[in-house]
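Architecture and fold: a report
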Amino acid sequence: MLTSLHIKNLALMEDASVELEKPSIALIGETGAGKSLIVESLSLLFGARADYSFVRDREKKASVSALFVLEEEFLSRFPHIQELIEEDHTLLLERVLCPDKSSRYLINGQLYPLSQYRHIIDHLIDIHSQKSHSDILDEEKQLLYIDRYGKERLQKVKTQFQESYEKYQEAKKELKDFEEQNKELDTDYLSFQLEEIDRYQLKENEIEDLEEELRSIKDLTQVQNRYEELQEILSSSEPSLEEQLSQVERSLRSLMNAKPLEESAKECLMSLRTFTSSLHNVKDMYESLAIDENRIDAINERLFSLKNLQRKYGKSSAEILKKRDDFAKKLAFAENFQAERERLENNVLVSKEKAIKDAELLSKERERACIGLTKDISKELEELGLRKNGFIARLTRVELNQEGIDNGLFFVSLNDGLEEESLKKAASGGETSRLLLALKSVLNNLNPYNCLIFDEIDTGVSGKQAGLVAKKISAISKISQTITISHSPQVVASQEQGILVYKQNENSTTKTHVRALSEEEMIQELAKMLSSSEVSETALAQART
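The present account deals with the structure reproduced in this document.

Thresholds, definitions, all that
- Residues numbered from 1 in each chain as written.
- Predicted model: local features only at pLDDT ≥ 70, side-chain atom pairs only at ≥ 80, totals over all residues.
- Heavy atoms only, no water.
- Pairing = 2+ DSSP bridges.
- Helix = DSSP H or I, 4+ residues; strand = E, 2+ residues; numbered from the N terminus.
- Contact = heavy atoms within 4.5 Å.
- Axes fitted to C-alpha atoms, helices over the stretch in contact; angles between N-to-C directions.
- Buried < 20%, exposed > 50% of the residue type's maximum accessible area, 1.4 Å probe, protein only.
- Arc of directions from axis to C-beta.
- Phe/Tyr/Trp six-rings, centres within 6.5 Å; stacked < 30°, edge-to-face > 60°.
- Lys NZ or Arg CZ within 6 Å of the ring centre and 35° of its normal.

1. A closer look at the sheet that holds strand β11 (residues 421-422)
Overall, antiparallel pairing links the three strands, which are arranged β9-β10-β11 in an open sheet. On the outer flanks of this sheet lie β9 (391-401) and β11, each paired with one strand and no other. As paired strands, strand β10 (residues 404-412) and β11 are joined by two bridges and run antiparallel to one another. The residue of β11 that forms the bridge with V412 is E421. Packed on one face of the sheet, helix α5 (residues 139-149) meets β9, β10 and β11 and runs near 100° to β10. Where helix α6 (residues 151-181) meets the sheet, its contacts fall on β9 and β10, and the angle it forms with β9 comes to roughly 25°.

This is the structure:
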């Protein structure tokens, strides 16, 4: 339960703290004293949007903190909270409003992002008032209450459905993945691609070999140009260089008979003959080379035609041929593709039929739960002075989803002669508080909150009806701690602890304070509520009873 609350720098509360010691608590005080500020502070603590105009001193931080001591039974239902509590089962929550209009959320001193913070504290407090939201009004959660009312019998069927639905989802995913992975298995398209590559009759390394041959031919063209330059040199003079070399050779042979020059002339003659022979070899080799212009044209034409394959299937011969092999393999596999897809499609249909069948069983259990829930809540409404049989829990059929084939909605007809309306729409009227109290009397038993806040839950009731409201709140406090803001003496008297909220003027400044009341002080406050003017002995006597 909530054991202490600390509010700092919010509205008229400069620094207020209070200890909460009992399962049922009444917040009392004059109108305008600040009781609603406590509710608003708790709303802030539980993630409500902050109105920074409520910050007392906007140059300083404002904060709300609350300490909870949690029972084992509560923790067993929320293991994610159990992981966070201290050894003494305490959980300290804090919301800090910073001067820059940002917020910080802390659990036991550790910062959390808002989404995670809300998830952790989701079932600690539920606030009921005509101004605040209650999850009972959330139409997305009303089916959940129906399911909880059905207890173990319904939960067993629901588990069976969820298993079937999961298998159905898995079958759909398997089919989708199969089609995604094999989306290229279009036999017409594969055949076209295969035929297109085969039409060119590409050979292994053909592109690379042709490119190399073309480079070689281009190199020959360079050789031709260089040889022509050599020939020009050899023949450019008169007599030609070859004729001059012949003359030199004759002269050197004649010098070989001259004793002083014999050896040198002989050596020079040998070198000249070697040079002349090499020159003739170059000429012979060149004349053996042939540049086939037709071959160049053929290579260029073939390479140009293969550009289409390179653009679509790969730059190299190996890449194109590998693509060709891939297409051939896929085409072979495609013959079995349709059979496999039909098998998976049939698996989806069978698993869907099973899920729908289990959803139908779940729907029947929900119908049974709706009957019981309708009866119990209608009884509570009647006991609170509202119309007999004024509540209906109803199912509507929807498409198969993870919750089944049902949508659960609550309807009410609070007065004779009025048509039933959805709970969300009807809850805008004056009977909202008693309506929510009747609903919570039944629904909180299904999955109890740690603490319930009832703000003006007894609005518009008095006498016998106020006594019934008090009785309902007392019954709820046996399961969940209750904090009630009330102007009804019957409701306040039924609570185990009184918390007084009051204002004081201090140094020309009004401040709101909060303090726990002793038993005698509680009697005095009740007597004030029972008296129209000053507290009388009669009022005190009534308060003591």
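After that view of the structure, there is still more to cover.
2. Things to note about the environment of Y200
With respect to the helices and strands, Y200 occurs in the loop between α7 (187-199) and α8 (206-235). Placed 102 residues apart in sequence, Y200 and R302 show a C-alpha to C-alpha distance of 9.4 Å. Aside from chain neighbours lying at most four places away, what touches Y200 is R302, S305, L306, N308 and L309.

3. Describing unusual backbone geometry
A negative phi angle characterises most non-glycine residues, just as the trans form characterises most peptide bonds. Positive phi is not limited to glycine here, since N9 has a value of about 65°. Residue placement: N9 occurs in strand β1 (residues 2-10). Despite not being glycine, N205 shows a phi value in the positive range, around 60°. Mapping N205 onto the fold places it in the loop between α7 and α8.

4. As for helix α4 (residues 114-121)
Regarding α4, the residues found buried are Y117, I120 and I121. What you see down the axis of α4 is that its buried residues fit within an arc of 85°, all on one side. For α4, the exposed residues set more than 90 degrees away from the buried face come down to S115 and H119. The secondary structure elements touched by the buried residues of α4 are α1 (35-45), α3 (79-82), β5 (90-97), β6 (103-107), β7 (110-112) and β8 (125-128).

5. Let's talk about the environment of N450
Mapped onto the elements of the fold, N450 is located in the loop between α14 (432-443) and β12 (451-455). In this structure N450 touches M1, L2, F68, L70, F74, H123, L124, S480 and Q481, once residues within four positions along its chain are discounted.

6. Considerations on the packing of aromatic side chains
Under the definition given, this model contains seven aromatic pairs. Judged by centre distance (5.0 Å) and plane angle (50°), the ring pair of Y105 and Y117 falls under tilted. Taken as a pair, Y105 in strand β6 and Y117 in helix α4 lie far apart in primary sequence, 12 residues in all. Here the two residues Y105 and Y117 agree in accessibility, since each one is buried. Aromatic pair Y313 and F327: ring centres 5.8 Å apart, planes at 75°, arrangement edge-to-face. One end of the pair, Y313, is in helix α11 (residues 293-313); the other, F327, is in helix α12 (residues 317-383), and 14 residues separate them in sequence. The two residues Y313 and F327 agree in class, both being buried. Members of the aromatic cluster, joined through ring pairs, are F161, Y165 and Y168. Here R148 stacks its cationic end above the ring of Y145, 5.8 Å away from the centre of that ring.

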